[in-house]
Amino acid sequence: MNPESTSQTTIMPRVVLFDFNGTLFHGDAFKLFVRERYRRVRWLVLPAILSLPLLLPMLIARRGRHAAARWLVRLVLFGVSQRRYQQLAEEFGRALARDTRLFSHLGIAALRQYLGKGEHVLIVTACEETLTRAILDELGLGTIQLVASVLGAGRLGMRVRVQNIGLEKAHQLARLGIRPPWDIAISDSLVDLSILAAAREAILVNPDRRMLKRASARLGKRLTVAEWD
């Protein structure tokens, strides 16, 4: 008699998407880099101030705010080569990572827990790629797949090539072959509402009442709230 055959079902790891700024990191890491750059290179402050009459009307709409941010990045990195930027971003990222007060301990613990379970974890962030990677490397999380904003070299210095915000996150994930529905999406921001809505389980971190009301209306029972330090 032939031995009884058994079928084995391959269990695929779940896709878990983490935001970075505000979710794992308290605040905005790239904004801190930009502020530090203005502090160190004082002459950049004057052209930034002179730009304000043009930039202020742009701040009304989200698309205008993104355009204003791109301009300030170009200004703060004027004359900076790609190699020099990489050096600056890596040094700054490592310094940030050494300050444990800047991170959500519960968020990092949750991230490590998903990794320990063998889940396919990605950090999908508007923060710049080189800076974020330096932080993750210093935290011992350098193997995590990262989908981030990207800078590239221009004629006058570094400039934004990919601004990984809102729907752009889904476009960048699709380029990696990762398409909705993903299993879990975790963020602290309603800017990521489309990413949360495309998940089987959405986790909103530290929401206020307005955020919770709006997210609940869109996500219903798929929404879970996480209170992370």
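Because the structure is a prediction, the values reported are computed rather than measured.

Tallying secondary structure elements over the protein chain gives nine helices and seven strands in all. Looking at the protein chain as a whole, 44% of its 229 residues are labelled buried. Long-range contacts, defined here as pairs at least 24 residues apart, represent 58% of the contacts in the protein chain between residues at least 6 apart. For the protein chain, the exposed area adds up to about 13,400 Å²; of that, 54% sits on carbon and sulfur atoms.

A few words on the sheet that holds strand β2 (residues 120-128). Sheet architecture is open: seven strands sit in the order β4-β3-β2-β1-β5-β6-β7, paired in mixed fashion. One side of each edge strand has no neighbouring strand; the edge strands of this open sheet are β4 (157-162) and β7 (223-226). Pairwise comparison of adjacent strand axes, ignoring direction, gives a mean angle of 25 degrees for this sheet. For β2 and strand β3 (residues 145-154), the ladder comprises four bridges, and the chain directions are parallel. Residue pairing in the sheet places V124 in a bridge with V147 of β3. Contacting β1 (15-18), β2, β3, β4 and β5 (182-187), helix α7 (residues 167-175) crosses the sheet at an angle of about 130 degrees to β2.

This paragraph deals with the nonpolar core. Membership of the largest hydrophobic core comes to 49 residues, with the highest contact counts inside it found for F18, F20, Y85 and L131. By residue number, the principal contributor to this core is helix α4 (residues 82-97), which donates six residues. If sequence neighbours within four positions are ignored, F20 has contacts with F25, A29, F103, I123, V124, T125, C127, T132, I135 and L136.

Here we come to helix α5 (residues 105-116). For α5, built from twelve residues, the straight-helix expectation of 16 Å at 1.5 Å per residue is met to within 8% by its first-to-last C-alpha distance of 16 Å. All of the buried residues in α5 are G107, I108, A110, L111 and Y114. For α5, the angular spread of the buried residues around the axis is 160 degrees, confining them to a single face. Away from its buried face by more than 90 degrees, α5 exposes Q113 and G116. Tucked inside the fold, the buried residues of α5 contact β1, β2, β5 and β6 (199-205).

Cut-offs applied
Residues numbered from 1 in each chain as written. Predicted model: local features only at pLDDT ≥ 70, side-chain atom pairs only at ≥ 80, totals over all residues. Heavy atoms only, no water. Helix = DSSP H or I, 4+ residues; strand = E, 2+ residues; numbered from the N terminus. Buried < 20%, exposed > 50% of the residue type's maximum accessible area, 1.4 Å probe, protein only. Contact = heavy atoms within 4.5 Å. Areas by Shrake-Rupley, 256 points an atom, 1.4 Å probe, with all protein chains shown as cover. Pairing = 2+ DSSP bridges. Axes fitted to C-alpha atoms, helices over the stretch in contact; angles between N-to-C directions. Core = buried A, V, L, I, M, F, W, Y, C linked by side-chain atoms within 4.5 Å. Expected span 1.5 Å × (residues − 1). Arc of directions from axis to C-beta.

Take it as geometry only, folks, not as evidence of what the structure does.
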